[in-house]
Amino acid sequence: EAARFDVERGAQIIDINMGCPVKKVCNVYAGSALMGNEPLAIEIIERVVKAVPVPVTVKMRTGIDPDHRNAVALARAAEAAGAVMITVHGRYHGPVDYTTIAEVKAAVGIPVVANGDIDSPEKARDVLAQTGADAVMIGRAAQGRPWIFREVDHYLAHGTRLPAPTWR
């Protein structure tokens, strides 16, 4: 119902976010906690795909917590349910788990986006190489530095850094 509501108001894509680790979200079994109930997560994806005429994507973590990784199985199920793209955020605490992102990419035939601690053009290049992902998602690194997207795009296309932007 919420997906149809959004599409009726102009949404061109619906992203099911199973990546949020915030306690108040997880305490109601939403966000990344939903990854712990795979049958329900898959049912939600299937129902949303059937309900709307726009692409449905899924963002997830590597699992419900660092010790319970089920991103590969859930990504396969999401693809089978009709999701057209998967974004995997590979960090909980400490370093990002790019290995699981690479495993997700190897397991599905739809585009995979790698997310987590991508804060420079070089890091974007390295994450793409390490994971085989089709794209990267940049979050916190864009706060106060929205030109990072232009920098990454230029670096990936040309292998050189752009000069820092001026106030002008």
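Above this text you will find the structure in question.
Residues numbered from 1 in each chain as written. Predicted model: local features only at pLDDT ≥ 70, side-chain atom pairs only at ≥ 80, totals over all residues. Heavy atoms only, no water.

Once that is clear, we can look at the sheet that holds strand E1 (residues 14–18). Taken in spatial order, the five strands of this open sheet run E1-E2-E5-E6-E7, and their pairing is parallel. The open sheet has two edge strands, E1 and strand E7 (135–137), and neither has a second partner. Going across the sheet, the axis of each strand differs from the next one's by a mean of 25 degrees, ignoring polarity. In the sheet, E1 pairs with strand E2 (residues 56–61) via five bridges, with the strands oriented parallel. By the bridge assignment, Asp15 is partnered in E2 with Thr57. Sheet contacts for helix H4 (residues 71–81): E1, E2 and strand E5 (85–89); angle to E2, the most-contacted strand, approximately 175 degrees. (Pairing = 2+ DSSP bridges. Helix = DSSP H or I, 4+ residues; strand = E, 2+ residues; numbered from the N terminus. Axes fitted to C-alpha atoms, helices over the stretch in contact; angles between N-to-C directions. Contact = heavy atoms within 4.5 Å.)

Here E5 lies mainly inside the structure; four of its five residues are buried. Pairing analysis gives five bridges linking E2 to E5, with the strands arranged parallel. Bridge pairing in E5 places Arg61 opposite His89. Direction of pairing for E5 relative to strand E6 (residues 112–115): parallel, over a ladder of four bridges. Counterpart to Ile86 in the pairing with E6 is Val112. Since E5 and E6 lie parallel, the crossover through helix H5 (residues 98–107) that links them has a hand, and here it is right-handed. (Buried < 20%, exposed > 50% of the residue type's maximum accessible area, 1.4 Å probe, protein only. Right-handed = clockwise from strand over helix to strand, strands pointing away.)

Looking now at helix H6 (residues 121–131). An α-helical turn contains 3.6 residues, so any two residues separated by three or four positions project in the same direction. Along H6, the positions that sit buried rather than exposed are Pro121, Ala124, Val127 and Thr131. Projected down its long axis, H6 shows its buried positions confined to an angular sector of 125 degrees, all on one face. Of the residues one or two after H6, Gly132 is the one with positive phi, at around 75 degrees. (Arc of directions from axis to C-beta.)

Pairs may arise between side chains of opposite charge once their charged atoms sit close together. Across all of its chains, the model carries nine salt bridges by this definition. Salt-bridge contacts for Asp117 lead to Arg91; the nearest nitrogen and oxygen are separated by 3.1 Å. Placement of the pair is Asp117 in the loop between E6 and H6 and Arg91 in the loop between E5 and H5, with a sequence separation of 26 residues. Glu122 is the partner of Arg161 in a salt bridge, and the nearest nitrogen-oxygen pair spans 2.8 Å. On the criterion of sequence distance, the pair formed by Arg161 in the segment after helix H7 (148–158) and Glu122 in helix H6 is long-range, its members being 39 residues apart. Connected through salt bridges with shared partners, the residues Arg91, Asp117 and Arg140 form a single ionic network. (Salt bridge = Lys/Arg side-chain N within 4 Å of Asp/Glu carboxyl O.)

Right, let's get into the environment of Ile148. Looking at the secondary structure, you find Ile148 in helix H7. Through-space distance from the C-alpha of Ile148 to that of Ile138 is 8.6 Å; in sequence the pair is ten residues apart. For Ile148, the residues in contact, after removing those within four places along its chain, are Asp119, Ser120, Ile138, Ala141 and Ala142.

Right, let's talk about helix H3 (residues 38–51) for a bit. The end-to-end C-alpha distance of H3 is 20 Å, a good match for the 20 Å that 14 residues give at a rise of 1.5 Å each. Within the sequence span of H3, burial applies to Ala41, Ile42, Ile45 and Val48. Looking straight down H3, one finds its buried side chains confined to an arc of 130 degrees; they lie on one side. Across from the buried face of H3, at angles greater than 90 degrees, the exposed residues are Pro39, Arg47 and Lys50. On the buried face of H3, the contacting elements are helix H1 (2–8), E1, E2 and H4. (Expected span 1.5 Å × (residues − 1).)

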